[in-house]
Amino acid sequence: MSAQPVVTGRVAPLRIGVLGCGGIAMRRMLPAMARTPAVRIAAVASRDRTRAQTAAARFGADPVHGYERLLERDDIAAVYVPLPPALHAPWTARALKAGKHALVEKPMVTAAQEARDLAGLAEEGRLVLMESFMFLHHSQHATVTALLERGEIGELRGMTAEFGFPPLPAQDIRHRPELGGGALLDAGVYTLRVTQLLLGGTLSVAGATLAADAATGVDVGVYELLRGDSGVTSHVSFGFRHSYRSAYTLWGGAGRIVLDRAFTPPPEHRPVLRIERQDRVEELTLPADDQFANIAARFAALVRGDGDPATQRAAAVRQAELVDAVRTAAVRQAETVDPARAATRPRPGSPP
């Protein structure tokens, strides 16, 4: 793993190049990186020269016309990849082969074999490969885990996780199967990942139903039942045709824990955690936390050698294998989505 230069007695910020100017990058991740001392946005690349210039100027970075030109730069130690999902694997592979550490937007890949291939490249090059599940780096989930371990709701019997929002505009890339569109790879991966976080161990898919848009072919609503090693189950649901919801519930023998705004809370949001018991309901207001800045700092720490990057590679492979298992198990049905309504309907609280 490459060493970081030392400047005036401290470790210099990790110089990151950005492959693409996608929405999540411009709205959430790049502003977070800009306020994180451990990293510096050194360059922003786009296939559109003007778009690269506009994005780079916003963050005091160098504009680069074309992704390959960014990967050729010796002053870039790592890349952040916020491209459409189907482009993640090929460009991340090129970055790893160029000796760059990689933080890749979720879903890191569209198929499990791609994840295994990328993990092999990262291990061979002694490079950090990290899937950008920001929500894992918010302290609210550590509070939930602590409550479970203390037995606040008794023995865990089951959980549910939901992430959904109203129909997307017709031109949104998530309607395009060739770019890795669909609810499973967009909203669904959050619910799968949080189930892995809270149940632990290996998950199996007990059943799944997938509703696909008859016009585009992408899945717009999915419902699944997952089973953990201990027999505890998780019912997850997500899609593009719902009122907004981003939450999970843990149901135990003595009560329930409910967390709203679970996946995309803004940095200033103070989460309210609800503990429901037979005779009372308790609400805990938790501190605000910046999950986007936290993951940028954690990625930089891994590059510096603080922690074992193998755990991140293994987590990305497990996640991709679970997504593949859902696809294999799913019973499919076609539905018609009204594109006119999708293009005009407001989407309050939309994901990043």
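Description of the structure in this document. Just so it is clear, the model here is predicted, and its values are computed rather than measured. (Residues numbered from 1 in each chain as written. Predicted model: local features only at pLDDT ≥ 70, side-chain atom pairs only at ≥ 80, totals over all residues. Heavy atoms only, no water.)

## Quick word on the overall build of the protein
If you tally the helices and strands in the protein, you get ten helices and 17 strands. Whereas a compact globule of 352 residues would reach a radius of gyration of roughly 20 Å, the protein reaches 20 Å, a difference of no more than 12%. Once the C-alpha set of the protein is aligned to its principal axes, its extents read approximately 60 × 50 × 35 Å. For the protein, the proportion of its 352 residues judged to be buried stands at 54%. At a minimum sequence separation of 6, the contacts of the protein that also span at least 24 residues come to 67%. Of the accessible surface of the protein, which amounts to about 14,900 Å², a share of 50% is contributed by carbon and sulfur atoms. With 41 positive and 37 negative side-chain charges, the protein shows a separation of 4 Å between the mean positions of the two kinds. (Helix = DSSP H or I, 4+ residues; strand = E, 2+ residues; numbered from the N terminus. Rg over C-alpha atoms; globule rule 2.2 N^0.38 Å. Buried < 20%, exposed > 50% of the residue type's maximum accessible area, 1.4 Å probe, protein only. Contact = heavy atoms within 4.5 Å. Areas by Shrake-Rupley, 256 points an atom, 1.4 Å probe, with all protein chains shown as cover. Lys, Arg positive; Asp, Glu negative; His and termini not counted. Charge placed at Lys NZ, Arg CZ, Asp CG, Glu CD.)

## Examining the sheet that holds strand E10 (residues 204-213)
Taken together, nine strands build an open sheet; the order of strands is E16-E15-E14-E13-E9-E12-E11-E10-E17 and the sheet is mixed. The sheet is open, and its two borders are formed by strand E16 (281-285) and strand E17 (330-335), each paired with just one other strand. Recorded for the sheet is a direction-independent mean angle of 10 degrees between the axes of neighbouring strands. Where strand E13 (residues 245-252) lies against strand E14 (residues 256-260), five bridges are found, and the strand directions are antiparallel. (Pairing = 2+ DSSP bridges. Axes fitted to C-alpha atoms, helices over the stretch in contact; angles between N-to-C directions.)

## A word on the side chain of Thr191
Along the chain, Thr191 turns up in helix H7 (residues 183-199). A polar side-chain atom of Thr191 sits 2.7 Å from the main-chain carbonyl oxygen of Gly188. Apart from residues no more than four positions distant in its own chain, Thr191 is found in contact with Ala161, Glu162, Phe163, Val236, Ser237, Phe238 and Phe263. (Polar contact = N/O pair within 3.5 Å; in protein donor to acceptor, adjacent residues only side chain to side chain.)

## With respect to empty space enclosed by the protein
Gaps left between atoms are located by rolling a probe of water-molecule size over the structure's atoms. Enumeration over the complete set of coordinates arrives at one cavity of 30 Å³ or more. If you add up the space inside the largest cavity, you get close to 70 Å³. Forming the walls of the largest cavity are 14 residues, and the residues nearest its centre are Pro107, Val109, Gln319, Ala320 and Val323. Here the element with the most residues in the lining of the largest cavity is helix H9 (residues 309-329); it accounts for six residues. (1 Å grid on protein atoms, 1.4 Å probe; cavity = no way out; pocket = protein on both sides within 12 Å on 5 of 7 lines; lining within 4 Å. Points joined across faces, edges and corners; volume = space filled by probe spheres on them.)

## Examining the packing of helix H5 (residues 112-125) against H9
In contact at an axis separation of 8 Å, H5 and H9 are set at 170 degrees when each is read in the N-to-C sense. Classed by the angle they form, the pair H5 and H9 counts as roughly antiparallel. Of the residues in H9, those in contact with Ala112, Ala115, Arg116, Ala119, Ala122 and Glu123 of H5 are Arg313, Ala316, Val317, Ala320, Glu321 and Asp324. For the contact of H5 with H9, the per-class residue count stands at seven nonpolar, no polar and five charged. (Parallel < 35°, antiparallel > 145°, perpendicular 65-115°, else oblique. Nonpolar A, V, L, I, M, F, W, Y, C, P; charged D, E, K, R; others polar.)

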